[in-house]
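Tertiary structure, described
What follows is each chain in one-letter form.
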Amino acid sequence: MSVVDRLEGMGISLADPLIDARPASWRKNRLRYQTAAILSDLAVSLAVFVALGFYVGTSAWLVGVAGAICFVGGVALSGGYDLRRAATGHREYRAILRSGMITIAIAMLLAFVGITELPALPIVLAVVAALITSALLRTAQRKLLASVRADGGLRSRAVLVTSPDRAARVARELDDTHPGLELVGACVSDREIGSEVSAGVHVLGGSMDAPALVRESDVDMVLVTSGAMEQNEFRQFRWALEETGTELMILPDVNEVLSGRLDVHVHGATPMLGVKLQPSRSQRIAKAAMDRVLGGALLIVASPAILVGMLAVRLNSAGPAIFRQVRIGRDGRAFTMLKLRTMGVDAEQRRDGLVEASTGAGPLFKMEADPRVTSVGRFLRRFSLDELPQLWNVVRGDMSLVGPRPPLPSEVATYDSMAVHRLHVKPGLTGLWQVSGRSDLSWEQSVRLDLRYVDNWSIGFDLLILWRTAAAVLGARGAY
């Protein structure tokens, strides 16, 4: 009796949503995604390089076709159209950037050997225009895909193969962190078929039943946790999957580690996963320099808005325009944080009477309709304008542009051994908490996001968060 027959005998059929083949599965549609990406890159590069040809007064269509071939070919050679990695991570953006550098290098080489006389500056500007436009179109494409996945479509349908002690935790983690993944079920040895390992995820069989499930249903991916089976059993498992066309992914017992910290090494025939424990000295210096330089520039640009905000605060209510409060920085050092005052001067005295109405998570005090907030303060908070004076804290070195939320001493006093690790880096003007929900997050979610940043920060990660901060602030999401 086949696995599917066994499931049907227990009331779980192929027509059941657990293992039903949805018409909008990702494996059947990812080729369309990559085709759209290739066509958009081709259209952008062709238009840009044709314009370059007209500008320099040479054969416009020849320059356009040659430039488009170089650009699209560079993206392809850099893995930007790899179907297995479509719409995941930052591979697509890195491929676009590398393609730009390849295109410039080819143009410079042709100019050096005398095949063409295109001037350097127009070439660089054309490539930069192609890079920016392609990246924006790819972002729009991924946003559209994310909205479709939010409605349950175009997800990679996966079967989880794991051990009984890890089944529930891994299923929850995958559900929380992989919106593009749909777990159709789990194969867990020594667990009753049909039992639930997590919300909506049921046991479909033992570990060696997964290949049969893949062959007889529409599954895109098989996820195997480390320790789920013995070595020889795993080799036979791989062989059984070879003819199915599905992907096999190994889930090591490591979480909250981003790709920038991982290296895969193979010694003989034994794979080893390397994890970088901390950023290099050069990365720390670069982050400090970016904080001071970019923070100083932003402070100059924001100065008129800060002055107008200060004037509005003074006209709206009695008291100083700048609110000063002690916060805890890196390694537990206290500093005075600056903000535009958004509450009445008696806010701290009134706080004790409002504690029971707090909607804040954990030790945080938050109220969606805090009566202490002034009318001007409500506007300043909505668009995070009250936080602009913290740019001075960034320039001084108390804070960073990106980092965990700066905590109060009373909050730090309640930290457990995990939460205290947030103090390993400088607090930030913005961070993962800012772009992921702000006040809408639970305490556990806030801690998890801050720890994820502390463990994985990089200059590229900081720039991505700064980019996403603008959208979160403009949308006023989670701000009150």
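What counts and how
Residues numbered from 1 in each chain as written. Predicted model: local features only at pLDDT ≥ 70, side-chain atom pairs only at ≥ 80, totals over all residues. Heavy atoms only, no water. Pairing = 2+ DSSP bridges. Helix = DSSP H or I, 4+ residues; strand = E, 2+ residues; numbered from the N terminus. Axes fitted to C-alpha atoms, helices over the stretch in contact; angles between N-to-C directions. Patch = residues over 30% accessible without salt bridge, like charges linked within 9 Å, V, L, I, M, F, W, Y side chains within 5 Å. Areas by Shrake-Rupley, 256 points an atom, 1.4 Å probe, with all protein chains shown as cover. Salt bridge = Lys/Arg side-chain N within 4 Å of Asp/Glu carboxyl O. Core = buried A, V, L, I, M, F, W, Y, C linked by side-chain atoms within 4.5 Å. Buried < 20%, exposed > 50% of the residue type's maximum accessible area, 1.4 Å probe, protein only. Phe/Tyr/Trp six-rings, centres within 6.5 Å; stacked < 30°, edge-to-face > 60°. Lys NZ or Arg CZ within 6 Å of the ring centre and 35° of its normal. Expected span 1.5 Å × (residues − 1). pLDDT = per-residue confidence, 0-100. Contact = heavy atoms within 4.5 Å. Polar contact = N/O pair within 3.5 Å; in protein donor to acceptor, adjacent residues only side chain to side chain.

Our next topic: the sheet that holds strand β1 (residues 156–162). Across the sheet, which stays open at both edges, the 6 strands sit in the order β3-β4-β2-β1-β5-β6 with mixed pairing between neighbours. Only two strands of the sheet have a single partner each, and these edge strands are β3 (196–198) and β6 (247–251). With strand direction ignored, the average angle separating the axes of adjacent strands in the sheet is 35 degrees. Alignment of β1 against strand β5 (residues 221–225), held across 4 bridges, turns out to be parallel.

This paragraph deals with a nonpolar patch on the surface. A cluster of nonpolar side chains, contributed by Ile102, Ile106, Leu109, Leu110, Phe112, Val113 and Ile115, occupies part of the molecular surface with about 680 Å² of accessible area. Mapped onto the secondary structure, valine 113 falls in the loop between α4 (91–112) and α5 (120–150).

In this structure, Leu391, Leu401, Leu432, Tyr453 and Ile465 are the most contacted members of the largest nonpolar core, which totals 23 residues. Elements supplying a minimum of two residues to this core: α9 (281–316), β10 (334–340), α12 (390–396), β11 (400–402), α14 (432–435), α15 (443–456) and α16 (459–474).

Here the focus is the packing of aromatic side chains. Applying the stated criterion across every chain yields a total of 4 aromatic pairs. A ring pair is formed by tryptophan 26 and tyrosine 33, whose centres lie 5.7 Å apart and whose planes are at 70 degrees; its orientation type is edge-to-face. With a relative accessible area of 6%, tryptophan 26 lands in the buried category. According to the relative accessible area criterion, tyrosine 33 is buried, its value standing at 6%. With 6.4 Å between their ring centres and 20 degrees between their planes, phenylalanine 234 and phenylalanine 237 make a pair best called stacked. A residue pair is termed a helical-turn pair when its members lie 3 or 4 positions apart in one helix, as phenylalanine 234 and phenylalanine 237 do in helix α8 (residues 231–241) at 3 residues. The exposure classification of phenylalanine 234 matches that of phenylalanine 237, with both residues buried. Here the guanidinium or amino end of lysine 287 rests over the ring plane of tryptophan 457, the centre of that ring lying 5.3 Å away.

Here we come to helix α2 (residues 26–56). Compared with the 45 Å implied by 1.5 Å per residue over 31 residues, the 44 Å span of α2 between its first and last C-alpha is a close match. Positive backbone phi, approximately 75 degrees, marks glycine 57, located one or two places after α2.

Following the criterion strictly, the structure yields 15 salt bridges and no others. Across the pair arginine 166 and aspartate 253 runs a salt bridge whose closest N-O atoms are separated by 3.4 Å. Placement of arginine 166 in the loop between β1 and α6 (167–177) and of aspartate 253 in the loop between β6 and β7 (262–267) is noted, with a sequence separation of 87 residues between them. Of the residues examined, arginine 166 reaches a relative accessible area of 8% and is grouped as buried. A cluster of three or more residues bridged by salt bridges with shared partners is formed by Arg166, Arg169, Glu173 and Asp253.

Confidence in the prediction of the protein chain, expressed as mean pLDDT, is 85, and 89% of residues score 70 or more. A low-confidence stretch, residues 14–23 (pLDDT under 50), is modelled with 28 contacts involving residues beyond four sequence positions or located in other chains.

Secondary-structure assignment places threonine 225 in strand β5. A residue is classified by how much of its surface remains accessible, and threonine 225, at 2% relative accessible area, is buried. Polar side-chain contacts of threonine 225 include one of 3.0 Å to the side chain of threonine 162.

Let us look at the pairing of strand β8 (residues 270–275). Bridge analysis of β7 against β8 gives 6 bridges, and the strand direction is antiparallel. Bridge pairing in β8 places histidine 267 opposite threonine 270. Two successive antiparallel strands, β7 and β8, enclose a turn made up of 2 residues, where glycine 268 displays a positive phi of approximately 70 degrees.

On to the environment of alanine 212. Mapped onto the elements of the fold, alanine 212 is located in helix α7 (residues 210–216). With 32 residues separating them along the chain, alanine 212 and threonine 244 place their C-alpha atoms 9.3 Å apart.

Our next topic: unusual backbone geometry. For leucine 154, which is not a glycine, the phi torsion comes out positive at approximately 55 degrees. With respect to the secondary-structure elements, leucine 154 resides in the loop between α5 and β1. By relative accessible area, leucine 154 is classed as buried at 16%. The backbone phi angle of aspartate 190 is positive, close to 65 degrees, even though this residue is not glycine.

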